[in-house]
Structures are given as C-alpha cells and as structure tokens.
Amino acid sequence: MKIREILRLLAIIALVLFMLPSCVKEGPPGLDGANGKDGVDGVDGQDGQDGIVSCVACHNLTTRDAITSAWAVSKHGIGATAARSSTASCAPCHSHEGFVNFINNPGAAPVAISNPGSISCATCHTNHNSFDFENDGADYALRTNAAVKMIMYDDPTKVLDFQNSSNMCVNCHQSRPVSPALAPDADGNYSIANYRFGPHHGPQGNLLEGVGGYELAGGVQYPGTKSHPHRKSTNACVTCHMHEGDHTFKASLASCTDCHGTIDNFNVNSVQTEVHELMEELAELLVTAGALDADRNIIAGTYPIEVAGAVYNWKTIEEDRSMGVHNPAYIKALLTNSIEALQ
Ligand code: HEC
Ligand code: HEC
Ligand code: HEC
Ligand code: HEC
Ligand code: HEC
Ligand code: HEC
C-alpha cells in the first residue's frame, strides 16, 4: 500500500474509534489512575498587613506590666486622698467613682462616694473611639479628651483646651477657689474669711494657660494666655509628665531634652532659683503686711485689695509647685508685680 492509502485508512479508523463510544452505551467508569507528581511550588504572594500588629504595640504584657508598676507608685495609684470623696464636693477629683460620675453626668451636682477607690486605669481609660489609628490618631482609649470648663469662672465659654490627651489632666488639675471671687469692696478692700483663702491644690492647668493669677498692675507686662512655648507644644502636661507613656506622672528630664538639649536639672537658666527667691521676698512682705504669720499661714482679716491679691498669687504659685517651669514668664510677672504693689 502506498503511504497515502495507509494514512487515509488510519484516519478512517480514528474517526470510527471516536464515534463508537457515543453510539455504544457507556460502561462503568474505570478506577482512578495513580496521583500525578506535585507541581513546582508557586511564588509567594505579597504579605497582607497583620490586623493586630497595631494593637499589640500597646496591648502586650511588657507594656502593661511596666505601666502598672509605674502607676502603683504614683500618687494617683496610692490613692492616699481617695477617702476625701466621701464629701460630695471633693469626689470628682479624688476617686475613680467620683470622676466617672462627674464625666457621665455633666452639669449634675457631685455625689458623695461611700467606698471610694484610687484613680486607676479605668478612671482615665475606657474604649477606643475608633480603631482607625492611621487616620484618627491614637486616642489611647481615654475616657475623655474634651475641652474642660474652668471651675474658677462662672462662664462656660472659659475653657482649657490643649487639644490632646492633656485635657484629661486639667479636669482635676485646675484652680478651684475655696473663697468668694477676688473683687475689692467700695473702700478698695477685701476680707479674707479664713486661712483657706486662695485656690485649692493643683492650679497647674491655669498657670500653663497663663490665667488664674490676680493680675496687679506693675512694671512687668503679662505675657497673655496660651503664649508660652510650654503651652503651645502639642502635648502640654503629658509632654513633660508622661514621657514615652511614663505612668509615674512625674516630670522627667528626658522630656526636656528634645527642646532644651541635655540638662541635668529642671532649673533651666536658674529660673527656679529666681522664682524661689521672689517667693521668699513676697512672703516676707506679706508677713510685714500682717497677712501671713511666721509659718506662712494665711491670717483672716480685711486688707487692701493689693495685699489680698498678692496673697492669692503667692498661694497659687506655692500650690503649683513647678517653681516657675509651668509658665516662667507669667509666674515671674505675677510675683514681680505683686512685690512692686506691696512696696
Ligand atoms: C496607642 C496605644 C493603643 C493601641 C495602638 C491600641 N490600643 Fe486598645 N487600648 C489602649 C489603652 C490605653 C486602653 C485602655 C486601658 C486598658 O484597657 O488596658 C485600651 C483599651 C482597649 C479595649 C477596651 C478594653 C476593655 O476592657 O473594654 C479594647 C477592646 C481595645 N483596646 C482593643 C484594641 C484593638 C483591637 C486595637 C488595634 C486595632 C487597639 N486596641 C490598639 C491602648 C491602645
Ligand atoms: C477640681 C478637682 C478637685 C476638687 C473638687 C478637690 N480636689 Fe483636692 N486635689 C486636687 C488635685 C489635682 C490635687 C493634687 C494637686 C497637686 O499635687 O499639686 C489635690 C490635692 C489635695 C490634697 C493634698 C494632697 C497632698 O498630697 O498633699 C488634699 C488634702 C485635698 N486635695 C483635699 C481636698 C478636699 C478636702 C476637697 C473637697 C473639699 C478637694 N480636695 C476637692 C483636685 C481637687
Ligand atoms: C491619670 C490618668 C491615667 C491613669 C490613671 C492611667 N493612664 Fe494610661 N494613659 C493616660 C494618658 C493621658 C495616656 C496618653 C499619653 C500620651 O498622650 O502620650 C495614657 C497612655 C496609656 C497607654 C499607651 C502607652 C504608650 O506607650 O503608648 C497604655 C497602654 C496605658 N495608658 C495603659 C494604662 C494602664 C494599664 C493603667 C493602669 C495601670 C493606666 N494606663 C492608668 C492616662 C492614664
Ligand atoms: C480624677 C482627677 C485627676 C486626673 C484626671 C489627673 N489627676 Fe493628677 N492628681 C489628682 C489628685 C487628687 C492628686 C493627689 C493625690 C494624692 O496626693 O493623694 C494627683 C496627683 C498628681 C501628681 C503628683 C503630685 C505629687 O504630689 O507628687 C502629678 C504629677 C499629677 N497628678 C499629674 C497628672 C497628670 C499629668 C494627669 C493627666 C495625664 C493627671 N494628673 C490626671 C487628680 C487627678
Ligand atoms: C514644660 C514641662 C512641663 C509641663 C508642660 C507641665 N509640667 Fe508639671 N511640672 C514640671 C516640672 C519640671 C515640675 C517640677 C517637678 C519637680 O520639681 O520635681 C512640675 C511639677 C508639677 C506638679 C507638682 C508635683 C511634682 O511632680 O513635682 C504637678 C501636680 C504637675 N506639675 C502637673 C502638671 C499638669 C497637670 C500639667 C498640665 C496642665 C503640667 N504639669 C505641665 C514640668 C511640666
Ligand atoms: C516643646 C519644647 C519644650 C519642652 C518639651 C520643654 N521646654 Fe522649656 N522652653 C521651651 C521654649 C521654646 C522656651 C522659651 C525659651 C526662651 O524664652 O528663651 C522654654 C523656656 C523654659 C524655661 C524658662 C527659661 C528662661 O530663661 O526664661 C524653663 C525654666 C524651662 N523652659 C524648663 C523646662 C523644663 C524643666 C522642661 C522639661 C521638664 C522643659 N522646659 C520642656 C520649650 C520646651
């Protein structure tokens, strides 16, 4: 046979073999063949972002243990004054329960707490506002970072607003005058009712802002509110008192170095020494004026407004306890002008 005929015959056989199964009824399927060899592994795709990495930056045992032991030795954690919360007016700032009540019931009269606990994690923290930290920023799950009304003014538009987590602090760390507003009577006098005259402990928020002193006229110009760089820095209280999340809440030297370079104490340019000396000078003048006793306790009585105002300033700066650091320009102006008024 010629090659052409062989090829035609093969083509016909192939066609018949192809058609046969469709004409004949299908038999049962045969057994599966053996598995083929595994193919070569494909190349790994690009890793997606791990959903919890951002969370674990804060939510891990190392961070939590360090924070818990720091907090435990802080005054907030020790809670020596928590018991003050058994008096309604003291409750909002001195205990966990009192503060939570205060924040949850804005404008309501404070209530006394029968078994008050110290200022703890859940006093300052609750839940995150959002988990979109990239766009919303870390909110640290703070209970509040809203602007805070200044207690010393009967005016809801007068607020402290550092626009960050330091607002948390000034709910409590602000002046709370325990005496009537400081205004002269018709004779230009003011009556100090008792030794508790002046602001309660903790006027730090007001001084940082540059308000809250009795601004006697004098040779030094008051610098104006919100003017000091310590207030302008984006973080205020927490910049210096919570450096890298420090929960001892103590001002740290490490926090100053970003702006002041390496320093070995807080007495930058001897400002604390200067403030200390001005405080001594003012106290002596107030002893001479009869408004302070030799132990520096306030003596009740009626005084010219300049004297009462100077007592108020002395007390405010004493209670602030930063010896000028919170607002060097404002604090020095208050002291210098008070001294001038008494001389
Ligand atoms: C910048 C630090 C930080 C980051 C980042 C962070 N958290 Fe938090 N988170 C906190 C703090 C602080 C608290 C409140 C204190 C606490 O409960 O330990 C808190 C509280 C919470 C709570 C409430 C716990 C409770 O008892 O109700 C949840 C839930 C939570 N975080 C989930 C997350 C998740 C999920 C992520 C990641 C998407 C995340 N957090 C990222 C700091 C952070
Ligand atoms: C607006 C908040 C606020 C209120 C209200 C308040 N305190 Fe205080 N108190 C503070 C702060 C903040 C401190 C700590 C200030 C500091 O360390 O400089 C403090 C400190 C004290 C201290 C000194 C603690 C120490 O270590 O020397 C005593 C005592 C005290 N308060 C008693 C009271 C009493 C009593 C009342 C109620 C009549 C009261 N406080 C109401 C915020 C408040
Ligand atoms: C007096 C209020 C207060 C108390 C009490 C407090 N915190 Fe905080 N915490 C803050 C503030 C404010 C910040 C945010 C600081 C900032 O903006 O840098 C913060 C930040 C944190 C962070 C993030 C830290 C970081 O390095 O990013 C963690 C975690 C945390 N707190 C856990 C706790 C735990 C746990 C406790 C209790 C042991 C606690 N906090 C008690 C106010 C508080
Ligand atoms: C719920 C009210 C409250 C809040 C919020 C609060 N504090 Fe306090 N803080 C107090 C009270 C009250 C004391 C005094 C406690 C005591 O002596 O028993 C105190 C004490 C302190 C002390 C120690 C003073 C000392 O004598 O050594 C520092 C520093 C401090 N707070 C800083 C801060 C900072 C910074 C924040 C914000 C992150 C903050 N506080 C938030 C009420 C508060
Ligand atoms: C520029 C840094 C800085 C800022 C901002 C700052 N502080 Fe201070 N603060 C200090 C220094 C420094 C001291 C003195 C500490 C010392 O002598 O040990 C101090 C003292 C204090 C004290 C007295 C107890 C202590 O630790 O000695 C309290 C309470 C306090 N500050 C709270 C606050 C609060 C609340 C804010 C925000 C309104 C604030 N501070 C803002 C640096 C700062
Ligand atoms: C965000 C930056 C910043 C941080 C953080 C900061 N400071 Fe300042 N501080 C300044 C600036 C800016 C001035 C103004 C300098 C001037 O007027 O010459 C200043 C002024 C001062 C002054 C007055 C100096 C003078 O000669 O009148 C003192 C005191 C001071 N700082 C202490 C501190 C201490 C203590 C810390 C840390 C606990 C601190 N500062 C943290 C920026 C900062």
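The paragraphs below set out a description of the structure included in this document.

Rules used throughout
Residues numbered from 1 in each chain as written. Chains lettered and ligands numbered in written order. Predicted model: local features only at pLDDT ≥ 70, side-chain atom pairs only at ≥ 80, totals over all residues. Heavy atoms only, no water. Near = heavy atom within 4 Å. Polar contact = N/O pair within 3.5 Å; in protein donor to acceptor, adjacent residues only side chain to side chain. Helix = DSSP H or I, 4+ residues; strand = E, 2+ residues; numbered from the N terminus. Nonpolar A, V, L, I, M, F, W, Y, C, P; charged D, E, K, R; others polar. Donors = N, O, S within 2.8 Å, 3.2 Å for Na, K, Ca; no water. Tetrahedral: all angles 85-135°; square planar, octahedral: opposite > 155°, others 65-115°. Axes fitted to C-alpha atoms, helices over the stretch in contact; angles between N-to-C directions. Parallel < 35°, antiparallel > 145°, perpendicular 65-115°, else oblique. Left-handed = near helix turned anticlockwise from the far one by under 90°. Contact = heavy atoms within 4.5 Å. Buried < 20%, exposed > 50% of the residue type's maximum accessible area, 1.4 Å probe, protein only. Pairing = 2+ DSSP bridges. Expected span 1.5 Å × (residues − 1).

A few words on the site of ligand 4. Taken together, 16 residues form the shell around ligand 4, and within it His-76, Thr-81, Cys-169, Cys-172 and His-173 come nearest. Lys-75 is positioned such that a nitrogen or oxygen atom in its side chain is 3.2 Å from an oxygen atom of ligand 4. Arg-321 is positioned such that a nitrogen or oxygen atom in its side chain is 3.0 Å from an oxygen atom of ligand 4. Breaking the shell around ligand 4 down by element, the ones donating at least two residues are α4 (75–78), α5 (91–94) and α9 (166–170). In terms of residue class, the shell around ligand 4 is built from nine nonpolar, five polar and two charged.

Donor atoms from the polypeptide that coordinate the iron atom of ligand 4 comprise His-76 (NE2) and His-173 (NE2), at 2.0 to 2.1 Å from the metal. Around the iron atom of ligand 4, the six donor atoms are arranged such that angles at the metal cover 87 to 179 degrees; this shape is classified as octahedral. Of the two residues, His-76 is situated in helix α4 and His-173 in the loop between α9 and β3 (189–192); the sequence distance between them amounts to 97 residues.

Turning next to the coordination of the iron atom of ligand 3. When four donors bind a metal tetrahedrally, each ideal donor-metal-donor angle is 109.5 degrees, and when six bind octahedrally, the ideal angles are 90 or 180 degrees. Protein ligation of the iron atom of ligand 3 involves His-125 (NE2) and His-247 (NE2), the donor distances falling in the range 2.0 to 2.1 Å. Here the iron atom of ligand 3 is ringed by six donor atoms whose angles at the metal span 88 to 178 degrees, and the overall shape comes out octahedral. Placement of His-125 in the loop between α7 (121–124) and α8 (133–136) and of His-247 in the loop between α12 (237–241) and α13 (253–260) is noted, with a sequence separation of 122 residues between them.

Time to look at the site of ligand 3. Near ligand 3 you find 15 residues, and of these Cys-121, Cys-124, His-125, Ser-165 and His-247 are the closest. Within the side chain of His-125, one N or O atom sits 2.8 Å away from a nitrogen atom of ligand 3. Of all the secondary structure elements, the ones that give two or more residues to the shell around ligand 3 are α3 (61–73) and α7.

Running from amino to carboxyl end, helix α15 (residues 305–320) crosses helix α16 (residues 328–342) at an angle of 150 degrees, the nearest separation of the two axes being 10 Å. Classified by the interaxial angle, the pair formed by α15 and α16 is roughly antiparallel. Crossing geometry of α15 relative to α16 is assigned as left-handed. On α16, the residues touching Glu-306, Val-307, Ala-310, Asn-313, Ile-317 and Asp-320 of α15 are Ile-331, Leu-334, Leu-335, Ser-338, Ala-341 and Leu-342. Its residues assigned to classes, the contact of α15 with α16 comprises eight nonpolar, two polar and two charged.

A word on the pairing of β3. Here β3 shows a clear split, with Tyr-190 and Ile-192 buried on one side and none of Asn-189 and Ser-191 buried on the other. For β3 and strand β4 (residues 301–304), the ladder comprises four bridges, and the chain directions are antiparallel. Bridge assignment links Tyr-190 to a residue of β4, and that residue is Tyr-303.

Of note, Asp-320 is situated in helix α15. Residues Asp-320 and Leu-208, spaced 112 residues apart in sequence, show a C-alpha to C-alpha distance of 9.8 Å. If near-sequence neighbours (up to four positions away) are discounted, Asp-320 is found in contact with Pro-203, Gln-204, Leu-207, His-326 and Ile-331. Of note is the side chain of Asp-320, whose polar atom sits 2.7 Å from the side chain of Ser-322.

Looking now at α3. Since the α-helix packs 3.6 residues into each turn, any two residues three or four apart lie on the same face. Taking 1.5 Å as the rise per residue, α3 with 13 residues should run 18 Å; its terminal C-alpha atoms sit 19 Å apart, in good agreement. The N-capping residue of α3, defined by a side-chain oxygen 3.1 Å from the backbone nitrogen of Thr-62, is Asn-60.

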